[in-house]
Amino acid sequence: MFKSILVFLTLILSLCPIHCRKLHVINFQWSDFYPASFTWDQSSEHFVVGSHRQQQLLSISDAGVAASLLSDDSLPENSSFFGLALDRLHHRLLAVVHRPATPSTPSFSALASYHLATFNQLFLAPLPPSPFPNSTVPNDVAVDFSGNAYVTDSTNGVVFKVNIDGEASILSRSQAYGNSGLNGVVYNAKGYLLVVQPNTGKLYKVNVDDGTARTVILNKDITAAERIAVRSDGIVVAVSKYKLYFIKSQDSWSEGVVFDETALEEERQASAVAVGAEDRVYVLYGNVKEGIMGNSEREGFSIVEVESEKESKEENVWIFVLFGLGLAYFLFWRFQMRQLVHNMNKKTA
């Protein structure tokens, strides 16, 4: 009986490391880096991080060890890596590249493709001129299974398409966007994109075949959302500098529900969100505003795991339910064993 009790207690306690662990915090050092984008590389189990101030990509381990992956001198001086996406099927890393205009140089906007094994550049595809008066400022990128990349424009309502050979075109400039730009984008295997618009807090569903767009009906706006990511269970997470939104849909994103919001450290200026190992959600604290203002003294930055408090509470409830059921089963089994021993004693008496 003692062995059975021990097995039961071991089973219950084994659940605690899963649900009682501390959130993962990764602090890393790289002078004047001011990271603006990041993505999770499952094969290397590292994050890939792009800089707002340097033409450089870093690899960040879960212990915060930073190493340079590439420094691309072929890019125009003072270029930034604004958005990153891994194309695992074609062994590529895609990076949104932008350099703002200066009095002496024009702006530059492109999508760069790098081979994942060597990080040699495969192509650098300049984006087409914007059909609107404002200059293009590309923001984020997503990729489909055929290797087509989709790049958003944060100053105009435009989504660009860059095929696997680096040929760029305008996919979508729907009237649904109004006069506001687009930021974070993810691809859904059913053939559409989900795109956020920070100025309005709207979420759009964009058909990748013809570029038509419609507003996803939400129970509330995702105010100032800059970037989005999606977990394997279909939950979309959208990050602003103030909070992380958790959003779900039951009808392929005709409608959606913002079911939780987690406050972030506003002064650290979260700039991106990614889904890492075991579907954990991470935000990047890159202090990008400091970098834009010209501050070059900062060396430390962070990648921090963020949870939905509502989901955590629901998981804890299930733990107690399982514990209660297990305890009830154990007490019933113990009662049955007592009855069995009692009956056997009667027969022998």
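Residues numbered from 1 in each chain as written. Predicted model: local features only at pLDDT ≥ 70, side-chain atom pairs only at ≥ 80, totals over all residues. Heavy atoms only, no water.

Let us now look at the pairing of strand β6 (residues 80–87). In terms of burial, β6 is largely enclosed, as eight of its eight residues are buried. Of the strand pairs in this sheet, β6 and strand β7 (residues 92–99) are connected by seven bridges, and their pairing is antiparallel. For F81, the partnering residue across the bridge sits in β7 and is V97. Connecting β6 to the next strand, β7, in antiparallel fashion are four residues, including H91 with a positive phi near 55 degrees. (Buried < 20%, exposed > 50% of the residue type's maximum accessible area, 1.4 Å probe, protein only. Helix = DSSP H or I, 4+ residues; strand = E, 2+ residues; numbered from the N terminus. Pairing = 2+ DSSP bridges.)

This part takes up the packing of aromatic side chains. Inspection of every chain in the model, using the stated rule, returns nine aromatic pairs. Ring plane angle 50 degrees and centroid distance 6.2 Å describe the contact between F246 and F259, whose orientation is recorded as tilted. Separated by 13 residues along the polypeptide, F246 in strand β21 (residues 243–248) and F259 in strand β22 (residues 255–263) bring together distant segments of the chain. Neither F246 nor F259 differs from the other in exposure class; each is buried. Each residue in the set F38, W40, F47 and Y282 is aromatic and connected to the rest through ring pairs, giving one cluster. The residue whose ring lies beneath K205 is Y192, and the NZ or CZ to ring-centre distance is 4.4 Å. Between the NZ or CZ atom of K248 and the centre of the ring of F259, over which it lies, the distance is 5.1 Å. (Phe/Tyr/Trp six-rings, centres within 6.5 Å; stacked < 30°, edge-to-face > 60°. Lys NZ or Arg CZ within 6 Å of the ring centre and 35° of its normal.)

With that settled, the discussion passes to the confidence of the model for the protein chain. Residue-level pLDDT values for the protein chain average 89, and 84% of them are 70 or greater. Note that residues 316–323 has pLDDT below 50 and, in this model, five contacts with residues that lie over four places away or in other chains. (pLDDT = per-residue confidence, 0-100. Contact = heavy atoms within 4.5 Å.)

Right, let's talk about the side chain of R99 for a bit. Within the fold, R99 resides in strand β7. One buried charged residue, R99, forms no salt bridge at all, with the nearest opposite charge on E77 at 6.7 Å. Side-chain polar atoms of R99 contact the backbone oxygen of P106, separated by 2.8 Å. Dropping the residues within four chain positions of it, R99 is found in contact with P76, E77, N78, S79, T105, P106, S107 and F108. (Lys, Arg positive; Asp, Glu negative; His and termini not counted. Salt bridge = Lys/Arg side-chain N within 4 Å of Asp/Glu carboxyl O. Polar contact = N/O pair within 3.5 Å; in protein donor to acceptor, adjacent residues only side chain to side chain.)

Turning our attention to the environment of S61. Looking at the element boundaries, S61 is found in the loop between β4 (56–60) and β5 (66–71). A residue is classified by how much of its surface remains accessible, and S61, at 9% relative accessible area, is buried. When near neighbours in sequence (up to four residues on either side) are disregarded, S61 contacts I26 and H46.

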